[in-house]
Amino acid sequence: MAELPITYRGAVYPWHCDHMDHMNVAHYVAKFDEATWNFFVLFGLTPAYFRDEKRGMAALQQTLVYKRELLAGDTVFVRTRMVEIKDKIVRFEHLMCNGETREMAATTELTATHMDIVARRAYPFPPETLARARALLEAHREIE
């Protein structure tokens, strides 16, 4: 059976932890952010594309669910699922797991808009990017 792509791998360091001795929420968000940029590359939103075309992305909404604590020394990975793609909007879900136990540690769903960074306005995805994103959406629908 196919699996969702891994978009991030990392570890929890002591400085990621708060006075409760588990990873602080700021670091969950940071790791999810890194996964986001790796996810975008899967359908053509590369750093070169953003630079060359003067395009960017802006977050519109993010919902996080914390399921299990992560501690210093834990390894983590994130898998990402395309949830929805429209002309200017993408919605996707990250699933963060403990690398050793495979237990789900946290999930987040994000909605973002593609932008013209000069005009500072939402801007349609290029047709080839939209086609790749739609193919990813279909592939992810088949994965449980």
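Residues numbered from 1 in each chain as written. Predicted model: local features only at pLDDT ≥ 70, side-chain atom pairs only at ≥ 80, totals over all residues. Heavy atoms only, no water.

Caption draft 1: Representation of the overall build of the protein chain in the model. If you tally the helices and strands in the protein chain, you get 3 helices and 6 strands. Written out in order from the N terminus, the α and β elements of the protein chain read β-α-α-β-β-β-β-β-α. Taking 2.2 N^0.38 as the reference for a compact globule, 144 residues should give roughly 15 Å; the C-alpha atoms of the protein chain span a radius of gyration of 16 Å, in line with that estimate. By principal-axis analysis of the C-alpha atoms, the protein chain measures approximately 45 × 35 × 25 Å. Each of the 144 residues in the protein chain was classed as buried or not, and the buried ones make up 42%. For the protein chain, the proportion of contacts with a sequence separation of at least 24, taken over those separated by at least 6, is 68%. Of the accessible surface of the protein chain, which amounts to about 8,300 Å², a share of 52% is contributed by carbon and sulfur atoms. The averaged location of the 20 negative side-chain charges in the protein chain is 6 Å from the averaged location of its 18 positive side-chain charges. (Helix = DSSP H or I, 4+ residues; strand = E, 2+ residues; numbered from the N terminus. Rg over C-alpha atoms; globule rule 2.2 N^0.38 Å. Buried < 20%, exposed > 50% of the residue type's maximum accessible area, 1.4 Å probe, protein only. Contact = heavy atoms within 4.5 Å. Areas by Shrake-Rupley, 256 points an atom, 1.4 Å probe, with all protein chains shown as cover. Lys, Arg positive; Asp, Glu negative; His and termini not counted. Charge placed at Lys NZ, Arg CZ, Asp CG, Glu CD.)

Caption draft 2: View of the pairing of strand β4 (residues 89–98). With 7 of its 10 residues buried, β4 lies for the most part within the structure. Pairing analysis gives 9 bridges linking strand β3 (residues 75–85) to β4, with the strands arranged antiparallel. Following the sheet pairing, Phe 77 is matched in β4 by Cys 97. Linking β3 back to β4 in an antiparallel pair, the connection comprises 3 residues. (Pairing = 2+ DSSP bridges.)

Caption draft 3: Representation of helix α1 (residues 25–41). Here α1 contains 17 residues, and its C-alpha end-to-end distance of 25 Å stays within 8% of the 24 Å for a straight helix at 1.5 Å per residue. For α1, every residue scored as buried is listed here: Tyr 28, Lys 31, Phe 32, Ala 35, Thr 36, Phe 39 and Phe 40. Where α1 begins, the side chain of Asn 24 points an oxygen toward the backbone nitrogen of Ala 26, at a separation of 2.9 Å. (Expected span 1.5 Å × (residues − 1). Polar contact = N/O pair within 3.5 Å; in protein donor to acceptor, adjacent residues only side chain to side chain.)

Caption draft 4: Structural detail: the packing of aromatic side chains. All chains considered together, the criterion is met by 10 aromatic pairs. Residues Trp 37 and Phe 40 carry aromatic rings whose centres are separated by 5.4 Å and whose planes lie at 85° to one another, so their mutual orientation is edge-to-face. On the criterion of helical spacing, the pair formed by Trp 37 and Phe 40 is a turn pair, its members being 3 residues apart in helix α1. The class for Phe 40 is buried, based on a relative accessible area of 2%. Their ring planes at 35° and their centres at 5.1 Å tell us that Phe 39 and Phe 92 sit as a pair that is tilted. Residue Phe 39 is located in helix α1, and its partner Phe 92 is located in strand β4; the two are separated by 53 residues in the primary sequence. Among the residues examined, Phe 92 registers a relative accessible area of 1% and is labelled buried. Here a set of aromatic residues connected by ring pairs shows up, and it is made of Trp 37, Phe 39, Phe 40, Phe 43, Tyr 49, Phe 50 and Phe 92. In this structure, Arg 55 packs its charged tip against the face of Tyr 123, placed 3.9 Å from the ring centre. (Phe/Tyr/Trp six-rings, centres within 6.5 Å; stacked < 30°, edge-to-face > 60°. Lys NZ or Arg CZ within 6 Å of the ring centre and 35° of its normal.)

Caption draft 5: Spatial organisation of helix α3 (residues 127–141). In this model α3 runs 21 Å from its N-terminal to its C-terminal C-alpha over 15 residues, within 8% of the 21 Å that 1.5 Å per residue would give. Taken together, the buried positions of α3 are Thr 129, Leu 130, Ala 133, Leu 136, Leu 137 and His 140. Take α3 and look down its axis: the buried residues cluster within an arc of 120°, on one side only. Set apart from the buried face of α3 by more than 90 degrees, the exposed residues are Pro 127 and Glu 128. (Arc of directions from axis to C-beta.)

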